[in-house]
Amino acid sequence: MNPVAIAEPLRSRWSPSVFDPEHVLSDVEITRLLEAAQWAPSSGNRQPWRYLVAPRGSATHEALVPHLSRGNSGWVPRASVVFLSVVELGQDGVELSDLLIPTHDVGQASAHLTLQAQAMGLAAHQFGGFDHEGVAAGLGIPDTARVLAGIAVGVRGNPAEVPERDAVRDHRERHRRPLAETAYAAWGVPWPRLQPSGPTVAERR
Ligand SMILES: Cc1cc2nc3c(=O)[nH]c(=O)nc-3n(C[C@H](O)[C@H](O)[C@H](O)COP(=O)(O)O)c2cc1C
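Residues numbered from 1 in each chain as written. Predicted model: local features only at pLDDT ≥ 70, side-chain atom pairs only at ≥ 80, totals over all residues. Heavy atoms only, no water.

A. Broad picture of the site of the ligand. Surrounding the ligand, one finds 13 residues, the nearest of these being Ser15, Gly128, Arg169, Arg174 and Arg176. Protein coverage of the free-state accessible area of the ligand, which is 620 Å², stands at 61%. Among the elements that make up the shell around the ligand, the one with the highest residue count is strand S3 (residues 123-127) (three residues). Broken down by class, the residue content of the shell around the ligand amounts to three nonpolar, six polar and four charged. (Near = heavy atom within 4 Å. Areas by Shrake-Rupley, 256 points an atom, 1.4 Å probe, with all protein chains shown as cover. Helix = DSSP H or I, 4+ residues; strand = E, 2+ residues; numbered from the N terminus. Nonpolar A, V, L, I, M, F, W, Y, C, P; charged D, E, K, R; others polar.)

B. Looking closely at the sheet that holds strand S1 (residues 49-55). Here we have four strands laid out as an open sheet, ordered S1-S2-S4-S3, and antiparallel in their pairing. The sheet is open, and its two borders are formed by S1 and S3, each paired with just one other strand. Adjacent strand axes in the sheet meet at a mean angle of 25°, parallel and antiparallel pairs treated alike. Relative to strand S4 (residues 145-154), S3 runs antiparallel, the two being bridged by five bridges. Counterpart to His125 in the pairing with S4 is Ala152. In this fold helix H1 (residues 27-38) packs onto S1, strand S2 (81-88) and S4, with an angle of close to 165° to the strand it touches most, S1. (Pairing = 2+ DSSP bridges. Axes fitted to C-alpha atoms, helices over the stretch in contact; angles between N-to-C directions. Contact = heavy atoms within 4.5 Å.)

C. Quick peek at the side chain of His61. With respect to the element layout, His61 can be found in helix H2 (residues 59-64). With relative accessibility at 5%, the residue His61 sits in the buried group. The residues touching His61, leaving out its near neighbours within four places in the chain, are Ala54, Pro55, Arg56, Pro77 and Val82. (Buried < 20%, exposed > 50% of the residue type's maximum accessible area, 1.4 Å probe, protein only.)

Shown next as structure tokens:
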């Protein structure tokens, strides 16, 4: 559990690397996750996100797996479903070179999907370690779009069933740099009124 008093499901979210390879997500659950992304805010409400949905064993999943990096090839295929996030730039006159804000928007939609998974009692782990060009070619993604990241979703599995490297990763201590190095009053100057994390509003009553 996250040590700071932020709201659920932000607080309990983390990225496990051991998924149960027998668990299947229903189409209703997968749809619910996609709806969380669908209702994310975006610049001009352009919704530049697209998701390739790859339930374990589907043709899309089989096309993705050979392109995973070595570090991801053990744990990703065990997840119940993988969503591949794609930024679509070929709409509404958005220029291909204008990647910044659309990519920001896709990241935010993916965050919503990930948090919805956590709220549904599922686990999600995003990953960028795969051959993006190979995946784009294998899945017929057009030049107007760019594959960004994968989101593996499922339930946690038995660490005894996976290579030690993946099991160890599941127990890794989580770290963040101090907030003073993130929150600035002026560039490089920590915002001076940061407070130690207190109880949440709900807990205060
Ligand atoms: C865009 C993106 C790419 C990532 N790529 C990988 C990856 O290729 N392999 C991996 O094991 N984890 C990957 N991660 C997971 C991060 O390592 C993880 O979120 C980070 O260490 C913080 O841990 P936490 O999610 O448990 O808080 C990625 C996360 C994001 C958001």
